[in-house]
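# A closer look at the structure
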Amino acid sequence: MNSKYDEANTAHVAASGSGAPPAAKARTERPNGGGTSASDAPPTNRASDNCNIPFFKPIRWGVDSLYLSYPGDLFPGVETELKHLKQLAQSAEPGQQSLAQYAMAGHIFEVKDKGANLFPYILEDGAFRIQLSRAGKKAPMAYVKVSATYLAHADPVEAQKALYELLSQMGEIKGEANVSRIDLYVDFVSSVDMESWNRHAWVTRANDVDQYSVKGRFSGWSIGMGGTIACRLYDKVLEIASSGKNYLLGLWSEAGWGPSEPVWRLEFEIKREALTQRGLSSLPQVMANQGGLWSYLTTEWLRLTLPNPDDQTRSRWPVHTLWGCIASVDWEGSGGPPLKKFTPERSPGNDKLFNLGLSVMLSYMAREGITDLYDGQEAFMAALYEFHNAKAFRQEIPFDGYIQDKLALKVRQFNARLNNPETEATRQETEREKAARAYRKESDGD
């Protein structure tokens, strides 16, 4: 066994409380805000040499959530169209609801039937959730959430560029985008039991520390939720089982993860108020200072410690070795390979569809006492047809029309395609005519 492996495991034993308690010291911030002390500088873009398998193995890190706000005003024609599409979304007729779609630049957005405070129009697909205000209001023109899946494919700067091009087609942007919230995360494998300490081990500036479980299985910690800064340490594999973000499994594998290894995520949520207090506002500023932010979050705002009952001054308690490893992750390098393929559609994958489909059919078979799969399939489809045909009859709708309406609503929800491409073609032609008129007016000097 090599000396680095021995050192890591010795630190693990100490951190677990069985043996002498020499723990890693909290790192001090470098002058450039990058992150670790000279005595423990990371030789790679992973973590310190002292943080080796099986004690600690970072497999991915970066930005998980990003919220941006854009000052400006919607174009009047765009606002008129969005108002119409929102009214379609609010219709009681499924056929009308299915037409509440807005297409541009390769995106087919679902237009929501409800807005949010200050933002009456909401558009969403698999890349962006865009909230838009009325023209002339004091609120930003757009408040946008960039999806985690898109951020796994494109870095935040690339995502912001694509978003700017989209919004520029919808209104006049009057200034630089502001970061309203950004979530930084590290996914890691560790042999440490994340339930082996109590809440007193967390030394933090936040008020609340909570722990959670799912069906009796420990799932993680949360610190300071609802504040300007919040943190979660949670079982990411368990979370994926409900969120369906299976694309992470392949990305982890590329980084050396084995399917039997547990993966934990440490994630900090930083809101605008906390960013501006540190002189950070725009996305380029925030991205250039990720290392400094991570250093502040893991050495000043929050630390996992080894409590010393003989010392009432908690700031002097030694840092847990695991925390020292997490704090030393280097944000100057790449946090992992990008997701190679991305589509803004929100269609469910085969895992979800076929597992759900089989579960529904087996439930029907169990209820009806059917044991043969093919007999069950035939009986289930016949019963399904009878049930929905009766609903269509009560609504005085032909069965085929009933199915087409249901299908069109799913198409809208999944951003799969336009339900009425003729309407979109008319809209684009109108936009071209308006642009041509504007050009002629400018050329004539009017």
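Our subject in this report is the structure included herewith. (Residues numbered from 1 in each chain as written. Predicted model: local features only at pLDDT ≥ 70, side-chain atom pairs only at ≥ 80, totals over all residues. Heavy atoms only, no water.)

### Topic: the overall build of the protein
Helix and strand counts for the protein come out as 15 helices and 15 strands. Considering the protein as a whole, with its 446 residues, one finds that 44% of them fall into the buried category. Taking all contacts inside the protein whose residues are at least 6 apart in sequence as the whole, residues at least 24 apart take part in 68%. When the accessible surface of the protein is split by element, carbon and sulfur atoms take 51% of a total near 23300 Å². (Helix = DSSP H or I, 4+ residues; strand = E, 2+ residues; numbered from the N terminus. Buried < 20%, exposed > 50% of the residue type's maximum accessible area, 1.4 Å probe, protein only. Contact = heavy atoms within 4.5 Å. Areas by Shrake-Rupley, 256 points an atom, 1.4 Å probe, with all protein chains shown as cover.)

### Regarding the pattern of salt bridges
Where side chains of opposite charge bring their charged atoms close, a pairing between them can arise. In the structure shown here, the tally under the stated rule is 21 salt bridges. Residues Glu269 and Arg181 are paired through a salt bridge, measuring 3.2 Å at the closest nitrogen-oxygen approach. With Glu269 in strand β14 (residues 264-271) and Arg181 in strand β9 (residues 178-189), this residue pair connects regions lying 88 residues apart in the sequence. Its salt-bridge partner being Arg205, residue Glu300 comes within 3.6 Å of it at the nearest N-O pair. (Salt bridge = Lys/Arg side-chain N within 4 Å of Asp/Glu carboxyl O.)

### Concerning the packing of aromatic side chains
This model, assessed by the stated rule, comprises 18 aromatic pairs. Ring centres of Trp252 and Trp257 lie 5.3 Å apart, and the angle between their planes is 70 degrees; this geometry places the pair in the edge-to-face category. Each of the two residues, Trp252 as well as Trp257, counts as buried. Residues Phe399 and Tyr402 carry aromatic rings whose centres are separated by 6.4 Å and whose planes lie at 20 degrees to one another, so their mutual orientation is stacked. Of the two residues, Phe399 and Tyr402 both sit in helix α14 (residues 399-414), three residues apart, roughly one turn of that helix. Exposure remark for Tyr402: the relative accessible area of 3% places this residue in the buried category. What links up through ring pairs into an aromatic cluster is the set Trp197, Trp202, Phe218, Trp221, Trp264 and Trp323. If you follow Arg232 out to its NZ or CZ, it ends over the ring of Tyr234, 4.0 Å from the centre. Lying over the aromatic face of Tyr185, Arg265 brings its terminal NZ or CZ to 3.9 Å of the ring centre. (Phe/Tyr/Trp six-rings, centres within 6.5 Å; stacked < 30°, edge-to-face > 60°. Lys NZ or Arg CZ within 6 Å of the ring centre and 35° of its normal.)

### Some details on the nonpolar core
With 78 residues, the main nonpolar core has Leu167 and Phe268 as its most contacted residues. Look past the residues within four positions of Leu167 in its chain and what remains in contact with it is Tyr70, Ile130, Leu132, Met141, Ala142, Val144 and Ile173. With 13 residues, the next largest nonpolar core counts Tyr247, Leu251, Trp252 and Ala255 among its residues. (Core = buried A, V, L, I, M, F, W, Y, C linked by side-chain atoms within 4.5 Å.)

### Some remarks on the pairing of strand β7 (residues 142-146)
Burial along β7 is one-sided: Ala142, Val144 and Val146 are buried, and none of Tyr143 and Lys145, which face the opposite way, are. Relative to β7, strand β1 (residues 57-70) is paired through five bridges, and the arrangement is antiparallel. The residue of β7 that forms the bridge with Ser69 is Tyr143. Pairing geometry for strand β6 (residues 128-132) and β7, over five bridges, is antiparallel. (Pairing = 2+ DSSP bridges.)

### What about helix α6 (residues 236-243)?
Each turn of an α-helix holds 3.6 residues, which means side chains three or four residues apart point in the same direction. Restricting attention to buried positions, one finds in α6 the residues Lys236, Leu238 and Ile240. Of the surrounding elements, those touching the buried residues of α6 are β11 (209-214), β12 (217-223), β13 (229-235), α7 (247-254) and β14. Two to three positions downstream of the cap, the backbone nitrogen of Val237 sits 3.2 Å from a side-chain oxygen, assigning the N-cap of α6 to Asp235. (Polar contact = N/O pair within 3.5 Å; in protein donor to acceptor, adjacent residues only side chain to side chain.)

### Some details on the sheet that holds β11
The sheet built from eleven strands is open, its strands ordered β3-β4-β5-β6-β7-β1-β9-β14-β13-β12-β11 with antiparallel pairing. This sheet does not close on itself; its edge strands, each paired only once, are β3 (101-104) and β11. On average, each strand axis in the sheet is tilted by 20 degrees relative to the strand beside it, whichever way the strands run. By the bridge criterion, eleven bridges tie β1 to β9 in an arrangement that is antiparallel. Residue Trp61 lies in a different strand from β9, and its bridge partner there is Val186. The strands touched by α7 are β1, β9 and β14; relative to β1, the strand with the most contacts, the crossing angle is about 135 degrees. (Axes fitted to C-alpha atoms, helices over the stretch in contact; angles between N-to-C directions.)

### Here's the deal with the environment of Glu261
For Glu261, the position within the fold is in the loop between α7 and β14. Owing to a relative accessible area of 22%, Glu261 belongs among the partly exposed residues under this scheme. With 70 residues separating them in the primary sequence, Glu261 and Ser191 have C-alpha atoms 9.1 Å apart. Setting aside anything within four residues of it in sequence, one finds Glu261 in contact with Lys57, Val189 and Gly256. At 3.1 Å, the side chain of Glu261 and the side chain of Lys57 are in polar contact.

### Some points on the packing of helix α12 (residues 350-368) against helix α13 (residues 373-394)
As a packed pair, α12 and α13 sit with axes 9 Å apart at the nearest point and diverge in direction by 95 degrees. In terms of axis orientation, α12 runs roughly perpendicular to α13. Contacts from Val360, Met361, Tyr364 and Met365 in α12 reach Leu373, Gly376, Gln377, Ala379, Phe380 and Ala383 in α13. (Parallel < 35°, antiparallel > 145°, perpendicular 65-115°, else oblique.)

### Considerations on unusual backbone geometry
Most peptide bonds take the trans form, and the phi angle of most residues other than glycine is negative. A positive phi angle, close to 75 degrees, is found at Leu118, a residue other than glycine. As for its position among the elements, Leu118 is in the loop between β4 (107-111) and β5 (121-124). In this model, Lys215 sits at a positive phi of 50 degrees, which is unusual for a non-glycine residue. By secondary structure assignment, the location of Lys215 is in the loop between β11 and β12. For Lys215, a relative accessible area of 87% translates into the label exposed.

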